[in-house]
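Listed here are the chains, written in short residue letters.
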Amino acid sequence: YKQWYQRRVRESHHQQQQSGDIGDVDPVIIVPGIFGSQLDAKWNKTESPHYWCYKQSPKFTTLWLCFECMVPKVIDCWVDNMLLNYTGGTFVNRDGVESQTNDFGGTGGVECIDKNCYYPYFKAMIDGITATPGYVKGVNLRAAPYDFRYGANSPVGKKLIADLKVMIEDTYQNTGNKKVTLIAHSMGNLYLVEFFKSVPASWKKKYIKRYVAISGVFGGSVKSIRALVSGEIESIPRVLVDANAVRAFQRTFQSIYWLLPRKEVFSKDEILVYTPDRNYTAHQFSDLLSDAKFPLGSEILKTLEGMDRFVDPGVDVYCIHGSDIPTAAQFRWKSGYFPDYQPDQIDGPGDGTVNQPSLELCKQFKRLKAYRVYQGIKEGEHMQILLNPKVIEYVKDILNTTSSHQSGDKMLHF
């Protein structure tokens, strides 16, 4: 990666300098959330779930997001390629499947979740930033897409953290020793918390200008419980999908377990799941998964050891999230519905995906420079917030903030 990146930057940087496009601006690197990176795959398998499923695909093709893969019958073929195998305490692709992210170091892999851009993601924010003279995609405006199925302590996650460190160092060096601003959304914030754990304070002081945390799922999300028990289809664009088919691959994603509500936020007395036979709190997920006829889930939970600690990042932080939006706070399964059918949902405050106490954990950061909350679905919903012109302008204002500036908007609500 490093050799490829350095060659690409030298060529692109020279061309842009010649045209005078690169300006005196802070370089930016974006870290997306779960389901926010395009994935490609090729495969050579000895078996498939149905005779109509291709066993071979010698060239990389779209794995996520693939709309045409989510139709009846075809979806089983797609799910078989999305599944991870859990073996020997770690996660790997299905036998014969090779996957990769799209445009690591550029922005193409996070602007839209699908390659036809029917489902835009960071595109509006990236377009807004590049409207400022001096920003060039792939040079001083970059992104670190990753395989969102894995947690940060997996081999794939550790490689991302290592590659991100290289990207930050090279971006710093190739933009005139300018410190880097990191922008993360949703689960990307959990990855950055793990990243900041991995580097010393001296390194952060040299290379990091600031960290912009958007819709951070710092304390987990109740919504992830439904994904593991009955399948979460609201996190997938509205197409005809079977919840149990989706559950089949979601249960193999280490990242879904990583997003479960955390004990430090949800107390042992706070019931999150009601069933006819038993109720469960955030301290009883092992029992919940066993009772949901998925005992392997209890073993997978053990892989999260060390990733459940909320640690201060040690850099300047600007925290942005939504509020006052109905968000899953509890699930109730009727008699005969647990675990294979969808539960009733009881809502509480949040951004539509992440619960309010989880979002607000960023207020504990020691170097919190600003804290902004956008209220209502149109302004602050978990995904919509990235399309909000007010948020985009605010991020641009942050990028124009000098290091000595002390923001006066620590508790602003919009």
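Since we're looking at a predicted model, the values are computed, not measured.

**A few points about helix H9 (residues 243-250)**
With six of eight residues buried, H9 lies mostly within the body of the structure. Buried within H9 we find Ala243, Ala245, Val246, Arg247, Phe249 and Gln250. Summarising the contacts, the buried residues of H9 are in contact with helix H2 (74-82), helix H8 (223-229) and helix H10 (254-258).

**As for the sheet that holds strand E10 (residues 271-274)**
An order of E11-E10-E13-E14 is seen for the four strands of this open sheet, with the pairing classed as mixed. Strands with a single pairing partner mark the edges of an open sheet, and in this sheet they are strand E11 (279-281) and strand E14 (344-348). Neighbour-to-neighbour, the strand axes of the sheet open up by a mean angle of 40 degrees, direction not taken into account.

**Some remarks on the state of the cysteines**
Following the criterion strictly, the structure yields four disulfides and no others. Paired through a disulfide, Cys53 and Cys77 show a sulfur-sulfur distance of 2.0 Å. The sign of the S-S torsion, about -75 degrees, decides the handedness of the disulfide formed by Cys53 and Cys77: left-handed. Placement of Cys53 in the loop between strand E2 (39-44) and strand E3 (56-64) and of Cys77 in helix H2 is noted, with a sequence separation of 24 residues between them. Cys77 carries the same exposure label as Cys53, and that label is buried. Across the disulfide, Cys66 is cross-linked to Cys69 (sulfur-sulfur distance 2.0 Å). Sign of the S-S torsion, about 65 degrees for the bond between Cys66 and Cys69, identifies this disulfide as right-handed. Taken as a pair, Cys66 and Cys69 share a single burial class, namely buried. If the cysteines joined by disulfides in the chain are listed in sequence order, their pairing comes out as 1-4, 2-3, 5-6, 7-8.

**Overview of the packing of H2 against H9**
Where H2 meets H9, the closest approach of the two axes is 9 Å, and the angle between their N-to-C directions is 15 degrees. Accordingly, the angle class assigned to the pair H2 and H9 is roughly parallel. Crossing geometry of H2 relative to H9 is assigned as right-handed. Taking contact as the criterion, the partners of Trp78, Val79 and Met82 in H2 are, on H9, Ala245, Ala248 and Phe249.

**Here we look at the confidence of the model for the chain**
Here the chain averages 91 in pLDDT, while 90% of its residues score no lower than 70. Across residues 13-20, where pLDDT falls below 50, the model places seven contacts with residues more than four positions away in sequence or in other chains. Within the model, pLDDT remains below 50 along residues 403-408, and this stretch shows six contacts once partners closer than five positions in the same chain are excluded.

**Some details on the packing of aromatic side chains**
Scanning the model with the defined rule gives 24 aromatic pairs in all. Between Tyr191 and Trp258 the ring centres are 5.2 Å apart and the planes differ by 85 degrees, which places this aromatic pair in the edge-to-face class. Here the residue Tyr191 occupies a position in helix H6 (residues 188-198), and Trp258 occupies one in helix H10, the gap between them amounting to 67 residues. Judged on exposure class, the residue Tyr191 and its partner Trp258 are both buried. Among the aromatic residues, those joined into a ring-pair cluster are Phe35, Trp64, Trp78, Phe148, Phe249 and Phe253. When the ring centre of Tyr394 is taken as reference, the NZ or CZ atom of Arg372 above it lies at 3.8 Å.

**Section: the sheet that holds strand E6 (residues 97-101)**
Reading across the sheet, the three strands line up as E3-E2-E6 and stay open at both edges, with antiparallel pairing between neighbours. Of all strands in the sheet, those bounded by a partner on one side alone are E3 and E6. For this sheet, the mean inter-axis angle between neighbouring strands, taken without regard to orientation, is 25 degrees. With five bridges connecting them, E2 and E6 associate as antiparallel partners. Across the sheet, the residue bridging to Leu39 is Thr101, located in E6. Running at roughly 90 degrees to E3, H2 makes contact with E2, E3 and E6 of the sheet.

Rules of the game
Residues numbered from 1 in each chain as written. Predicted model: local features only at pLDDT ≥ 70, side-chain atom pairs only at ≥ 80, totals over all residues. Heavy atoms only, no water. Buried < 20%, exposed > 50% of the residue type's maximum accessible area, 1.4 Å probe, protein only. Helix = DSSP H or I, 4+ residues; strand = E, 2+ residues; numbered from the N terminus. Contact = heavy atoms within 4.5 Å. Pairing = 2+ DSSP bridges. Axes fitted to C-alpha atoms, helices over the stretch in contact; angles between N-to-C directions. Disulfide = S-S within 2.5 Å. Parallel < 35°, antiparallel > 145°, perpendicular 65-115°, else oblique. Left-handed = near helix turned anticlockwise from the far one by under 90°. pLDDT = per-residue confidence, 0-100. Phe/Tyr/Trp six-rings, centres within 6.5 Å; stacked < 30°, edge-to-face > 60°. Lys NZ or Arg CZ within 6 Å of the ring centre and 35° of its normal.

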